[in-house]
Amino acid sequence: MIYDPKTIEEKWRSIWRDENLYETKDDFKREKYYVLDMFPYPSGDGLHVGHPKGYIATDIMARQKMMEGKNVLHPMGWDAFGLPAENYAIKNKIHPDAAVKKNIIRFKEQLEKIGFTYDWSREVKTTDPSYYKWTQWTFIQMFKKGLAYESFEPINWCPSCKTGLANEDLEDGHCERCGTLVEKKPMRQWVLKITDYAERLLDDLEKLDWPESIKESQRNWIGRSVGAEISFPVRTTDSTDETDGAPDSSDVIKVFTTRPDTLFGVTYLVLAPENDLINKLESKVSNFSEVKKYIEAAAKKTEIDRTAEGREKTGVELKGLTVINPATKEEVAVWVADYVLNDYGTGAVMAVPAHDERDYQFAKKYNLEIKQVIGPYCASTMSPVREGIKIVPRKMINCILRNPKTDEYACLKWREDFGWTTLIGGGIEADEDVVTAGLREIREESGYLNVKFVKSFGTCFGGGYATHKKENRFSSNVGLLFDLVTDKKEEVAEKEQANHKIKWLKRDEVATFLNVESSIYLWELFLSNENLYTGEGYLLASSKYDDLTTAEARTKITKDLGKAVIRYKLRDWVFSRQRYWGEPIPIIHCEKCGAVPVPEKDLPVALPEVEFYEPSGTGESPLANITDWVNVKCPKCGQDGKRETNTMPQWAGSSWYYLRYIDPNNNEALVDKKKEKYWSPVDMYVGGAEHATRHLIYARFWHKFLYDIEAVSHDEPFKRYTNLGLILAADGRKMSKRWGNVINPDDIIAKYGADAFRVYEMFLSPFTQSASFLESGVAAAKSFLNRVFILKDKIADNAELNNETITLLNQTIKKVGDDINNFKFNTAVSALMILSNALADCESIDVKSYSILLQLLAPLAPHITEELWQSHGNKESIFKSSWPKYDEKLLVSELTTIVVQVNGKMRDTFEISSSSSEEEIKQTALDRPSTQKWIEQKEIKKIIIVKGKVINIVI
């Protein structure tokens, strides 16, 4: 008997179908396992070979859990509403509903050929009225709770798709679907208040067994910022009020800042061009026509353009008014500038150019004051603070003494037991200002009498043990520049001469000469001529808050002068689309009652049949033209009303579909409580990393709301999640009709079989990494399956395996089970190849050992293993057999330590059986996280193995 994949696979798919092998029962006494794929939207192009990768992985896990005795739910359905399906229908001049039905048939045919465990009796489609009835029901519950509301603010508008988009639907300011640059367009729309859940969405990430990269993407998208809201009273410059620093109106500009510690350094305020305050203050702005012109120009720019790094900052001052800094009581100017965005904070920014890079660039351009109020802390490494000795605060100056004729600089070389090399400097006496102190220190330490003060250029703080004074010091160090006018000097006191000597150095010699941190910092600051510092440190020029740490000052200044608040980058979810193909929003508009929800007994609000469904582009959905559908009676007062004509986005139905699989035919509730409690949460969810900041956030929000209204029993939907890497074309590019590099899985399966296709996709690369699809690899996978097939000819009744092979068999049972659970399918396949080769080397093999090989291989290659399992007298499916168990005692063999080198440098070590093959050593080394971080996304040129000792990976 030869291995014939086509015959075998068609036979077993028919048997599975006839016997309903994968139909899931609600057997509440058994341990459940819910494994879920992100359901696809059924495009007309069908599947290419990259699409099934995640489906194969979940199928392997589902089959293995079945063999472990668990009650497995592995469903499939269709995300069929939204722009992709509608755009396809418009392009091909076919109604979206007809297109979706046709495409689903095509998708199911392709999926069936691959041999999945899907329970098709639980199939759902987001376009079925019986399904979206409960999408609409949930919206109504949100509306009743105040989470769904109408808004008229500017939204992201795609001129190509002719619809509004949420922030999550954008990529670098372009429509994620069509790539068109989006515009900001004021429009009536429905919005869901996802921001009310921001804190929970953020905090509850800690509960989840998800990749850290996905969780970090969500943290960044939610963007929690702890800060202060500070009010700046408005004052008009033509005021006759004589009260110094007092406002002359009730207007205030509120700003949100994460750095209230910089409040004393505010030298101007900036409003976003969209900020409503500008129009409110119009009568007080003397150059409003200029301001308005700037605002109109800003409206034509994208947020990406406005905030791009390196872009020249622009703005216009609002002349005729100022605001009062609540910390200093000083007046500061107000500007409008497009580098500030209206949807962050309050749409107003307190500008601190000394401590914010964007503000600094703006201030330099418009010659605005730059006021330092934070200094970095430069701790001494040569003379660190000593424990048990009092810290003495000191105000000090550090002087750069320059000879402008030679461009040389005077520095101090201290005596050998001190070891310091510094700028000229010292303490400020009680009756001195900084310049006087600088002149005195220069005279005392260098003897020069005729020097000229040029400027003060910055301050830092220092700390350490002053050996010459035998005390710990905490000092503020002001940098001062002086020029030498003449060489006139006096004799330096003997005490000073004993401590240090003057050295004149060229500019390029100073940096390598200095070794004290405060001197080094101030020298670098002088060279850069940019007094910009954005880090942590200590306060200066900040009144009673001087010398506090920035952390301490944030707390105190917020308490004294502001209000502690938490803000989020996450915006409320723009939930309406001005398109046809979506769930109707179940709202009726009444002139008397306002927006009224459709009575729940009247759900679903079915999408009406239309002849013309192309988008209008006017901001109105095509539904607005169907008067018979639009015109209804208000359910509250009975007067004439109109249905909402915007539809829901594609993300609505996909936010809860996993719940409907649990109870797909329930017309009385979204999901039966007993069934939901049994099956929830999803144990394993697999999908693309591109959904980290859209579907996964939306679904978590939707689920938490359902939890709050006691419709579900858990507060998180997906217990465990992993993302898959892309399968690329052979040319290394993403598969696309545009590139002509799409590979149809039907062709591959027809030539090599579904099992070979499945095995190859899992062996191709680590699951989360991308790799190119090569047909030669599928051929190799088929060869491996053929070797397993012909192993049956080695079975003998009296066969006995040697000890080494028995150990390998037990190790393989453990490894394959662990690898499937950890989504390390490539190494599971490798282990099976190693075991099959070892069995092939035996003169004969026993049926039990061969059966174990088949059971381990079955989740990956279900058709061939069913055939071989039955051929050895088994009546029931291999998937009703028990997953093999290993013997702990038989796992142990002589171990050897392997050193992992990358380009000759040791990066890791691990223990492995001394009998391991080079292939097993290579796979083990490559899969280790400590190796991965050194070779990630790099080309491996060759691998050198010294068996039992070293593996060297050359990149």
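Preceding this paragraph is the structure being described.
### Description of the pairing of strand S31 (residues 684–688)
Right, on to step 1. For S31, a buried count of 5 out of 5 residues is recorded, marking the element as mostly surrounded by other parts of the structure.
Right, on to step 2. Two elements, strand S1 (residues 32–37) and S31, share 3 bridges in a ladder whose sense is parallel. Along S31, the bridge assignment pairs Val 35 with Met 684.
Right, on to step 3. As paired strands, S31 and strand S32 (residues 721–724) are joined by 4 bridges and run parallel to one another. Each bridged residue has a counterpart across the sheet, and for Gly 687 the counterpart in S32 is Asn 723.

### Brief notes about the sheet that holds strand S2 (residues 71–73)
Right, on to step 1. As summarised here, the arrangement of the 4 strands in space is S2-S1-S31-S32, forming an open sheet in which the pairing is parallel. Two strands lie at the open edges of the sheet, namely S2 and S32, each paired on one side alone. The average angle at which neighbouring strand axes cross in this sheet is 20°, direction not considered.
Right, on to step 2. Contacts between helix H2 (residues 52–67) and the sheet are confined to S1, S2, S31 and S32, with S1 contributing the most and set at about 170° to the helix.

### Quick word on the pattern of salt bridges
Right, on to step 1. Taken as a whole, this structure holds 68 salt bridges when the rule is applied.
Right, on to step 2. Asp 128 is paired through a salt bridge with Lys 125; the nearest N and O atoms lie 3.8 Å apart.
Right, on to step 3. For Asp 128, a relative accessible area of 27% gives the class partly exposed.
Right, on to step 4. In this structure, Arg 224 engages Glu 199 in a salt bridge whose closest nitrogen and oxygen atoms are separated by 3.1 Å. Here Arg 224, found in strand S10 (residues 224–236), pairs with Glu 199, found in helix H6 (residues 198–203); they are 25 residues apart in sequence, far enough to count as distant.
Right, on to step 5. Residue classification places Arg 224 among the partly exposed positions, given a relative accessible area of 36%.

### With respect to the sheet that holds strand S29 (residues 631–633)
Right, on to step 1. With respect to topology, 4 strands assemble into an open sheet ordered S28-S27-S30-S29, the strand pairing being antiparallel. The open sheet has two free edges, formed respectively by strand S28 (594–597) and S29, since each of these has just one partner strand. Going from strand to strand, the sheet's axes swing by 40° on average, the running direction of each strand aside.

### Looking at the environment of Val 124
Right, on to step 1. Within the fold, Val 124 resides in the loop between helix H4 (96–114) and helix H5 (129–144).
Right, on to step 2. Taking the relative accessible area as the measure of exposure, Val 124 reaches 5% and is therefore buried.
Right, on to step 3. The sequence separation of Val 124 and Arg 660 amounts to 536 residues, and the corresponding C-alpha distance is 7.4 Å.

### Notes on the packing of helix H25 (residues 803–821) against helix H27 (residues 847–857)
Right, on to step 1. Running from N to C, H25 and H27 point in directions that differ by 15°, and their axes come no closer than 11 Å. One finds that H25 runs roughly parallel with respect to H27. Judged by the twist between their axes, the crossing of H25 over H27 is left-handed. The residues of H27 that touch H25, namely those facing Leu 809, Thr 812, Ile 813 and Val 816, are Ser 849, Ile 852 and Leu 856.

### Describing the state of the cysteines
Right, on to step 1. Here the structure, examined in full by the defined rule, presents 0 disulfides.
Right, on to step 2. Its sulfur unpaired, Cys 175 is 3.7 Å from the next cysteine sulfur, which belongs to Cys 178.
Right, on to step 3. This cysteine, Cys 590, is not joined by any disulfide, and Cys 637 carries the nearest cysteine sulfur, 3.6 Å off.
Right, on to step 4. Residue classification places Cys 590 among the buried residues on the basis of a relative accessible area of 6%.

### Considering the environment of Tyr 448
Right, on to step 1. Note on placement: Tyr 448 falls in the loop between helix H12 (434–446) and strand S21 (451–466).
Right, on to step 2. Put simply, Tyr 448 and Glu 491 are 43 residues apart on the chain and 9.0 Å apart in space, counted from C-alpha to C-alpha.
Right, on to step 3. Leave out the neighbours within four places in its chain, and Tyr 448 touches Leu 401, Ile 442, Arg 443, Leu 484, Thr 486, Asp 487, Lys 488, Lys 489 and Trp 504.
Right, on to step 4. One polar contact links Tyr 448 to Trp 504, side chain to side chain, over a distance of 3.2 Å.

### Description of the side chain of Ser 225
Right, on to step 1. One can find Ser 225 in strand S10.
Right, on to step 2. Those residues in contact with Ser 225 that sit more than four places away from it in its chain are Phe 256, Thr 258, Tyr 344, Val 565, Ile 566 and Arg 567.

Each value, and the rule that gives it
Residues numbered from 1 in each chain as written. Predicted model: local features only at pLDDT ≥ 70, side-chain atom pairs only at ≥ 80, totals over all residues. Heavy atoms only, no water. Buried < 20%, exposed > 50% of the residue type's maximum accessible area, 1.4 Å probe, protein only. Helix = DSSP H or I, 4+ residues; strand = E, 2+ residues; numbered from the N terminus. Pairing = 2+ DSSP bridges. Axes fitted to C-alpha atoms, helices over the stretch in contact; angles between N-to-C directions. Contact = heavy atoms within 4.5 Å. Salt bridge = Lys/Arg side-chain N within 4 Å of Asp/Glu carboxyl O. Parallel < 35°, antiparallel > 145°, perpendicular 65-115°, else oblique. Left-handed = near helix turned anticlockwise from the far one by under 90°. Disulfide = S-S within 2.5 Å. Polar contact = N/O pair within 3.5 Å; in protein donor to acceptor, adjacent residues only side chain to side chain.

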